[in-house]
Amino acid sequence: MDLQHVNVKLLVRNPEEADLEPLIPIFHSWIQDQASEELLLDVADYRHVDAGPGVVLIGHQANYSVDNTDNRLGVRYNRKAALGGSNQDRLKQATRSALAACQRLESEPSLNGRLRFNGQELEVFFNDRLLAPNRDATRKAVEPELRTFFQGLFGGGEYALLYNRDPRKLFSVFVKASRIFAVSDLMDNLSCGLCPS
Amino acid sequence: MKTSNSLWKEHLAGKTPEILAHELDIFETELELRKQGKLDERLFAETRLRRGVYGQRYDNGQRHDGKKVQELAYPSRELTKGPNTLWDAPGMQRIKIPGGGLNAEQLETLAELAEEYSDGIAHVTTRQDFQLHYVHIDDTPTLMRRLAAAKITTREACGNSVRNVTACPYAGVCPDEVFDVTPYFRALSKFLLGHPDCQNFGRKFKPAFSGCSQHACALTNMHDLGLIAVKRSENGQEKRGFEMYVGGGLGTVPYQAKLFDAFVLPEELLPLAQAIARVFAKQGEKKNRNRARIKFLVNDLGVERFRKLVLEERAKLPPDPRWTEYVEAAEQFREEPLRPPGQLPSATSPAFRRWLKTNIRPQKQEGYVVATVALPLGDITANQLRALADIVRRLTKETVRTTVEQNFVIRWVSQSDLLELYNALDAVGLAEPGAGTILDITTCPGTDTCKLGISSSRGLAAELRKRLAEKSFQLDEAVQNLHIKVSGCFNSCGQHHVADLGFYGVSRKMGGYAVPHFQLVLGGEWTHNAGSFGLPVMAIPSKNIPEVVTRLTERYVTNRKNGEVFRDFIKRLGKAELKNMLEDLTRLPADQTDRSFFSDWGDPREFSLGDLGIGECAGEVVSCVEFDLATAEREVFEAQVAFDNGETARAGELAYQSMVHAAKGLVRIEFSDVPEDAEQIVQEFRTRFYDTQKFFDPFAGGKFAQYFFAAHQRTKTPHTPESVRYLIEEAQLFIEASHSCYNRMATPVNV
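Residues numbered from 1 in each chain as written. Chains lettered and ligands numbered in written order. Predicted model: local features only at pLDDT ≥ 70, side-chain atom pairs only at ≥ 80, totals over all residues.

Some words on the interface of chain A and chain B
Okay, so step 1: In this assembly, 35 residues from chain A lie in contact with 36 residues from chain B.
Okay, so step 2: Secondary structure elements with two or more residues in the side of chain A that touches chain B: α1 (23-33), β2 (40-46) and β3 (54-59) of chain A.
Okay, so step 3: Residues of the side of chain A that touches chain B, tallied by class, amount to 17 nonpolar, 10 polar and eight charged. (Contact = placed C-beta atoms within 7 Å. Helix = DSSP H or I, 4+ residues; strand = E, 2+ residues; numbered from the N terminus. Nonpolar A, V, L, I, M, F, W, Y, C, P; charged D, E, K, R; others polar.)

In structure tokens:
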């Protein structure tokens, strides 16, 4: 199964303290600096919508957001453009991009450390219903890929996968590791080759 | 952009109405032709606009990032989808929803599309449409296929066409209506969609239906064609009919619609609308788009003269069975509830009480109510759309509509289900109280995504909403009932002219810097179908607008006379007093270190007008002749593809059709009612262009026309690969010659 348009969302450690307003100038500054290899275009503010996409940095190849879908606040990387390589490569690319955004936000002076990521919980969505319909067959086909990937991401540590089974929703998985990881540790695990290509 | 785009067509085969599937195949080919440089960008722009595919801010590849103008380096840098509009730049997809009526499956489809092609948000517009933003043009054919499978079309959602037919969302259930206009707006919408008489307008054309004259729900007075239900007694029999209004519109200068006919029978509704469309197409301005709406034509001619022209045109129309075939069924049309009627529950929680007070409206059918789902800034998430689909399935027969106030209404809710409904909505953040109150602010997209936006209408609306919500409990009843509407520029998409407090975006230079402002427009009338328009008072810096609202509402509470409505209060106060009251707010604070005034609400960048683009609202004025020639080119392209695939017969048929279309386009220059029949087209073409030698090439004479005549003679002869190869070449030459002929004739666009 060809997995494209991978979304990775890392949950915020302290959602009750998070204030999304400062993200607007921060995301604008990312556009000014073209802080990513991807083309960054604009900022969309959906804070007024309950459990919505929050603040979105719109890009050509991908969007970044601090997203509150399902009332779970997190940094979300939404890959829009198709990518070559293997499924592992695409999972890795999306996760690395999400982690890089988390690192950038954690070190953002204007946030004063108020946005921290728990490094224990993340969600992966596959934003293409035709390639990855949300049904048992997809879960069965994709789970080995996911296991391999998370094995590497969590350095061999334990984790649990929880699927959303509403067939109308995107195929997605909620992943919880048995312990908290620093964002940098997850990035290291991705980079050191623990995650296979 | 989406990997699965090429797979959806097959996946949806059999699920999409054939006619829609065919139209989308054509659109897909047009995209391909444009990519290959075989379709002119201006023509392609109007083609996509007529499919609801709109440009968005920064699509010229430049954006002011707050410090400098930044080049946006899109991958397909050279390819455009319209003049100065880059292919890869994200755009907006408008989705037409006649009368705002949807079912649960359609809500779910919109949810899927918002997630997969947009940014997770579906936006309800002030004309009951939906909009998805940040959509890549390559995804639009697939997006449309998925909509078509749910029986939704985007055709003529933009461009110089008949736009969404809007209607009172309470039609059929409102206690004050004369009769249910639902079957009539549906019939008109279906009849005018793609109608040949509606393809050659200089600008857009917006119809609206209302079931009564006193409420605001359909705003017929500000529409190109407004229809209000009336009844008349004739020979002791009560007959349904419509007051028909023409030439209303907002825009820069608002025009009240004028009464065209006090009583139009349902049997005459469609033919009269068709005749109006024909007069608009023939007489309306084409070159100066600022004067191309029908309101200018009606105003210039006077309604009497306009009526005369329409009636003359009506008399010439050949009868069409569609005019009347719906009428009998319309009389019988009834919407049904799912659950039995019930009693209003006792409100236990204060939140539920507040919601009941503002978001519930009784139906004329006892025991049922209409519940409003108030959407902040017209936005709804994919998850909320799915939840709404579940709710309307469970509690009603999927009777849900969008409103011009950018909300949803759920009709036919049994009163005994209200607590269940409230809890279900509350669980997904859709139980906001304050529907139809000062909190329920209408706004256009403004600088967030619109190329014409000057100030941030959504930013201002969000800020006002936040502040007003904080003190909503203390607000006087009279203030609660006021309407605020915000547009990002003078074009009135936020309908600021018909609000108690209206605002539209402008800019002023202060201290050497551009400062975002809003022009204050006070005292518009929302009721009586937008009965009268407000008057501009003064321009005020964006950041001072919340204080303007505070002062005006407090003064209204303090000084209004018994029962005085806001409009009368403003009139009594007068411009001079308003100026005294607000003048200090027109200035910036003396302390210039406060830089917040130099940026807009929700946008920290230093304010600039550098991102303003050319709006696509007016579309491209492309004559029907050009469309016919473009169709011919597409068909000959498809013929070549079919030939390469070994489909000889189909290739031959397409090549011949392409010649017919090119000839038809030329005939249209002289004869706007060009027939559909190929034999007649050939005859008309021969008489008008061959015998007169107008078609003749200076060097080749009538040779290319003879190819066409010969192809027409051979239509019954079986095709062979060799004959088709020649035919395709001849068709290409004939189309080229048709272009040359059209150019030589320097055809005016008004054909």
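Section: the pairing of strand β21 (residues 484-487) of chain B
Residue and element names in this part refer to chain B.
Okay, so step 1: Neither face of β21 is open: one carries I484 and V486, the other K485 and S487, and all of them are buried.
Okay, so step 2: As paired strands, strand β20 (residues 442-443) and β21 are joined by two bridges and run parallel to one another. Along β21, the bridge assignment pairs T442 with K485. (Buried ≥ 20, exposed ≤ 12 C-beta atoms within 10 Å, placed from the backbone. Pairing = 2+ DSSP bridges.)

Regarding the nonpolar core
All names here are of chain B.
Okay, so step 1: Ranked by internal contacts, the top residues of the largest apolar core, which has 264 residues, are L188, V246, I276, L388, A655 and A663.
Okay, so step 2: Looking at this core, the element that brings in the most residues is helix α20 (residues 648-670), giving 11 residues.
Okay, so step 3: In contact with L388, not counting residues within four places along its chain, are L107, V373, V400, F408 and L430. (Core = buried A, V, L, I, M, F, W, Y, C linked by C-beta atoms within 7 Å.)

Concerning helix α11 (residues 350-359) of chain B
Count 3.6 residues to each turn of an α-helix, and residues three or four apart come out pointing the same way.
Residue and element names in this part refer to chain B.
Okay, so step 1: Here α11 has its buried residues at W355, T358 and N359. Mapping the buried residues of α11 onto a view down its axis gives an arc of 80°, with all of them on the same face. In α11, the exposed positions that point more than 90 degrees away from the buried face belong to P350 and R353.
Okay, so step 2: In this structure, the buried residues of α11 make contact with β15 (360-362), β16 (368-373) and α13 (418-427). (Arc of directions from axis to C-beta.)

Quick look at the packing of α20 of chain B against helix α21 (residues 678-690) of chain B
Residue and element names in this part refer to chain B.
Okay, so step 1: Relative orientation of the contacting elements α20 and α21 amounts to 55°, with a least axis distance of 9 Å. The orientation of α20 with respect to α21, classified from their angle, is oblique. Helix-helix and strand crossings are classified by hand; for α20 and α21 the assignment is left-handed. Residue-level inspection shows V660, A663, K664, L666, V667 and E670 of α20 in contact with α21, the latter providing A678, I681, V682, E684, F685, R688 and F689.
Okay, so step 2: Grouping the constituent residues of the contact of α20 with α21 by class yields nine nonpolar, no polar and four charged. (Axes fitted to C-alpha atoms, helices over the stretch in contact; angles between N-to-C directions. Parallel < 35°, antiparallel > 145°, perpendicular 65-115°, else oblique. Left-handed = near helix turned anticlockwise from the far one by under 90°.)

A word on the sheet that holds strand β7 (residues 101-102) of chain B
Residue and element names in this part refer to chain B.
Okay, so step 1: Pairing is antiparallel across the open sheet formed by five strands, whose spatial order is β7-β18-β19-β16-β15. Edge positions in the sheet fall to β7 and β15, since each of these pairs with one other strand and no more.
Okay, so step 2: Strand direction decides the pairing type here: strand β18 (residues 400-402) and strand β19 (residues 408-414), joined by three bridges, are antiparallel. Residue pairing for β19: V400 is matched across the bridge by I410.
Okay, so step 3: Sheet strands in contact with helix α12 (residues 382-395) are β16, β18 and β19, and its direction is about 25° off that of β19.

Observations concerning helix α2 (residues 87-106) of chain A
Residue and element names in this part refer to chain A.
Okay, so step 1: In a regular helix each residue adds 1.5 Å, so 20 residues correspond to 28 Å; α2 covers 28 Å between its end C-alpha atoms and thus fits that length.
Okay, so step 2: Of all the residues in α2, the buried ones are R90, L91, K92, A94, T95, S97, A98, L99, A101, C102 and L105.
Okay, so step 3: Of the surrounding elements, those touching the buried residues of α2 are β1 (6-12), β4 (62-67), β5 (74-79), β6 (117-126), α3 (136-153) and α4 (183-191). (Expected span 1.5 Å × (residues − 1).)

Focus: the domain arrangement of chain B
Okay, so step 1: Each assigned domain of chain B is listed here: domain 1 (5-149), domain 2 (174-332), domain 3 (350-427), domain 4 (442-606) and domain 5 (624-744).
Okay, so step 2: Between domain 2 of chain B and domain 3 of chain B, the C-alpha centre-to-centre distance is 31 Å. (Domains from an automatic or database assignment.)

Observations regarding the confidence of the model for chain B
Okay, so step 1: Summing up the model confidence of chain B, the mean pLDDT is 93 and the portion of residues at 70 or higher is 98%.
Okay, so step 2: Contacts for the low-pLDDT stretch residues 747-751 of chain B, under 50 throughout, to residues beyond four places or in other chains number 15 contacts. (pLDDT = per-residue confidence, 0-100.)

As for the environment of Q4 of chain A
Okay, so step 1: You can see Q4 of chain A is positioned in the segment before β1.
Okay, so step 2: According to the C-beta neighbour criterion, Q4 of chain A is partly exposed, with 19 such atoms within 10 Å.
Okay, so step 3: The spacing of Q4 of chain A and F125 of chain A is 121 residues in sequence and 9.9 Å in space, taken between C-alpha atoms.
Okay, so step 4: Setting aside its immediate chain neighbours within four residues, Q4 of chain A contacts A82, L83, R90, D128 and L131 of chain A together with T3 of chain B.

Observations regarding the packing of α2 of chain A against α3 of chain A
Residues and elements named next belong to chain A.
Okay, so step 1: Direction vectors running N to C along α2 and α3 enclose 45°, while the axes themselves pass 10 Å from each other. When the interaxial angle is binned, α2 and α3 end up oblique. Handedness of the α2/α3 crossing: right-handed. Taking contact as the criterion, the partners of N87, Q88, L91 and T95 in α2 are, on α3, E145, T148, F149 and L153.
Okay, so step 2: The residue inventory of the contact of α2 with α3, partitioned by class, reads three nonpolar, four polar and one charged.

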